[in-house]
Amino acid sequence: MPKQMAWEPNGGTDMRRTKLFGIPLRAVLPLAGLMLAAALVAVPSALAGSPHFVDSTVTATRVGDSLIVSGKEAGLGDESQVHIVVSATALCINGGGNHPKAVNKASVQAAGDFPVQNGKANFSLTLTATFQPPCSPPMTVSYTNVTVTDTTNGVTQRLSGTF
């Protein structure tokens, strides 16, 4: 009499498995395939974003001695907020359009946290320069090298020009 192996169903010699947890494999495999396909489609859209500043919305406007930088960032995925930092170089410019003294130059910065809604965040930050000696009329404050950075995602945009 042939020796029976304990792991073989019904004591037979066929080594192919036909059931998984009591369910026929022909029913399990298509279901597993559908679950894998659904996971491959759903996971990237839920987890990954493509953070970027929406170019046409990022603006800088000088109001008196201050600079207001506003804009929108999109492609943020499921984050709750982003940390935005704006930095610039402020210059005190005389009536002839020149920057007369090296001491009348300052690096300025402003930062804030902004909520993300539907993968987008709107932001607005104000930078104000102070000089010693003061930049008083007829001299005016001018801003250059304006940079907007989302430190949460490592995204940066530079604004060209003088404001």
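Computed from a prediction, not measured in an experiment: that's the story for all the values here.

**Q** So what's going on with the pairing of strand S4 (residues 59-63)? Which residues, and what values?
**A** As paired elements, S4 and strand S5 (residues 66-74) share 5 bridges and run antiparallel to each other. Paired with Val 63 across the strands is Ser 66, a residue of S5. Hairpin connection, S4 to S5: the antiparallel pair is bridged by 2 residues, and Gly 64 has positive phi, about 65°.

**Q** Kindly report on unusual backbone geometry, identifying the contributing residues and their values.
**A** The omega torsion across Pro 137 and Pro 138 is 15°, close enough to zero to call that bond cis. Its identity as a non-glycine residue notwithstanding, Asn 118 has a phi of 55°, on the positive side. Checked against the element boundaries, Asn 118 lands in the loop between strand S7 (105-115) and strand S8 (121-128). For Asn 118, a relative accessible area of 79% puts it in the exposed group. If you check the backbone angles, Asn 145 has positive phi at about 50° while not being a glycine. With respect to the helices and strands, the residue Asn 145 is situated in strand S9 (residues 140-150).

**Q** Could you give me a rundown of the nonpolar core, with the residues and numbers involved?
**A** Residues Val 69 and Ile 84 are the most contacted members of the largest nonpolar core, which totals 30 residues. At the level of secondary structure, the elements contributing two or more residues to this core comprise S5, strand S6 (81-93), S7, S8, S9 and strand S10 (155-159). Per-element tally for this core: the top contributor is S6, with 6 residues. Aside from chain neighbours lying at most four places away, what touches Ile 84 is Phe 53, Glu 73, Ala 110, Ala 111, Gly 112, Phe 114, Phe 123, Leu 125, Val 148, Thr 149 and Asp 150.

Rules behind the numbers
- Residues numbered from 1 in each chain as written.
- Predicted model: local features only at pLDDT ≥ 70, side-chain atom pairs only at ≥ 80, totals over all residues.
- Heavy atoms only, no water.
- Pairing = 2+ DSSP bridges.
- Helix = DSSP H or I, 4+ residues; strand = E, 2+ residues; numbered from the N terminus.
- Buried < 20%, exposed > 50% of the residue type's maximum accessible area, 1.4 Å probe, protein only.
- Core = buried A, V, L, I, M, F, W, Y, C linked by side-chain atoms within 4.5 Å.
- Contact = heavy atoms within 4.5 Å.

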